[in-house]
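The chain contents come next:
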Amino acid sequence: MDPAVIRAREERKKKKLEKQIRRLEKYQRQLKPLDELEVPICIKDDPRLRSRKLPQLSTEVTDARWKLVKEWGIYKSKQVEREVEFFQNLRMNQEKALDELRIESELLYEAAIQIDPDFIPFQAKGPTETPPIDNYSCPDGDYIDVSKKWD
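Keep in mind it's a predicted model, so treat the numbers as computed, not measured.

Engineer: What am I meant to see in the overall build of the protein chain here?
Structural biologist: Of the regular secondary structure elements, the protein chain holds four helices and zero strands. When the helices and strands of the protein chain are placed in sequence order, the string is α-α-α-α. Whereas a compact globule of 151 residues would reach a radius of gyration of roughly 15 Å, the protein chain reaches 37 Å, over 25% beyond that. Counting all 151 residues of the protein chain, 1% fall into the buried class. Accessible surface, the protein chain as shown: approximately 16700 Å² in total, 57% of it carbon and sulfur. If the 30 positive side-chain charges of the protein chain are averaged to one point and the 30 negative ones to another, these points end up 18 Å apart.

See below:
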């Protein structure tokens, strides 16, 4: 075969592939129309088409589930009680330490109860006051009920 014909074929294949790639890139960004995402009316009208019959559970299974829910509730309530007690003890120990520090030195006590601004860094940028808007008409506060009435 002639090398020019082979090269021309390869160039045509290359151009065809590039065209397909461009087409894919062009349609890649298009979103699906919302019509395809909506549930058809026939399914909405007759819910029996999509509903399933759940198997009847035995009494052993329902009792086991009930016991499990009850045990979980007891576990979570005990967990909350432990957390509350922990934080109460923490607060009580902190107050006790501050009282002892106050007995030792009032100056150290005052330094200990000061808020540390570097503990939780906070920065606010922007105006501290907003200038008034010229010719602003304040709303009266009237409420107009626009809800539909079904009689």
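Engineer: Got a minute to help me understand unusual backbone geometry in this structure?
Structural biologist: Note: most peptide bonds trans; most residues except glycine with negative phi. Notably, Asn135 is not glycine yet its phi reads approximately 55°, a positive angle. The exposure class assigned to Asn135 is exposed, which follows from its relative accessible area of 83%.

Engineer: Which parts of the structure should I look at to understand the packing of aromatic side chains?
Structural biologist: Here a ring pair, both rings aromatic, is described through the centre-centre distance and the interplanar angle of the planes. Under the counting rule described, the total for this entry stands at two aromatic pairs. Taking the centre distance of 5.5 Å and the plane angle of 35° together, the rings of Trp72 and Tyr75 count as tilted. You can see Trp72 and its partner Tyr75 sitting in helix α3 (residues 59-104), three residues apart, about one turn around the helix. Judged by relative accessible area, which is 40%, Tyr75 ranks as partly exposed. Look at Phe86 and Phe87: their rings are 5.3 Å apart centre to centre, the planes differ by 70°, and that puts the pair in the edge-to-face class.

Engineer: So what exactly am I meant to see when it comes to a nonpolar patch on the surface here?
Structural biologist: Among the surface-exposed residues, Met1, Val5 and Ile6 lie close enough to one another that they form a single nonpolar patch of about 290 Å² accessible area. Among the structural elements, Ile6 can be located in helix α1 (residues 3-28). Using a relative accessible area of 34% as the deciding quantity, one classes Ile6 as partly exposed.

Engineer: Hey, could you run me through the pattern of salt bridges in this one?
Structural biologist: Any two side chains of opposite charge can pair, on the condition that their charged atoms come close. By the definition in use, this model includes three salt bridges. Between Asp46 and Arg48 there is a salt bridge, and its shortest N-O distance comes to 3.1 Å. Under the relative-accessibility criterion, Asp46 is labelled partly exposed at 23%. With relative accessibility at 66%, the residue Arg48 sits in the exposed group.

What counts as what
- Residues numbered from 1 in each chain as written.
- Predicted model: local features only at pLDDT ≥ 70, side-chain atom pairs only at ≥ 80, totals over all residues.
- Heavy atoms only, no water.
- Helix = DSSP H or I, 4+ residues; strand = E, 2+ residues; numbered from the N terminus.
- Rg over C-alpha atoms; globule rule 2.2 N^0.38 Å.
- Buried < 20%, exposed > 50% of the residue type's maximum accessible area, 1.4 Å probe, protein only.
- Areas by Shrake-Rupley, 256 points an atom, 1.4 Å probe, with all protein chains shown as cover.
- Lys, Arg positive; Asp, Glu negative; His and termini not counted.
- Charge placed at Lys NZ, Arg CZ, Asp CG, Glu CD.
- Phe/Tyr/Trp six-rings, centres within 6.5 Å; stacked < 30°, edge-to-face > 60°.
- Patch = residues over 30% accessible without salt bridge, like charges linked within 9 Å, V, L, I, M, F, W, Y side chains within 5 Å.
- Salt bridge = Lys/Arg side-chain N within 4 Å of Asp/Glu carboxyl O.

Note that every value here comes from positions in space, so none of it alone points to a role or purpose.
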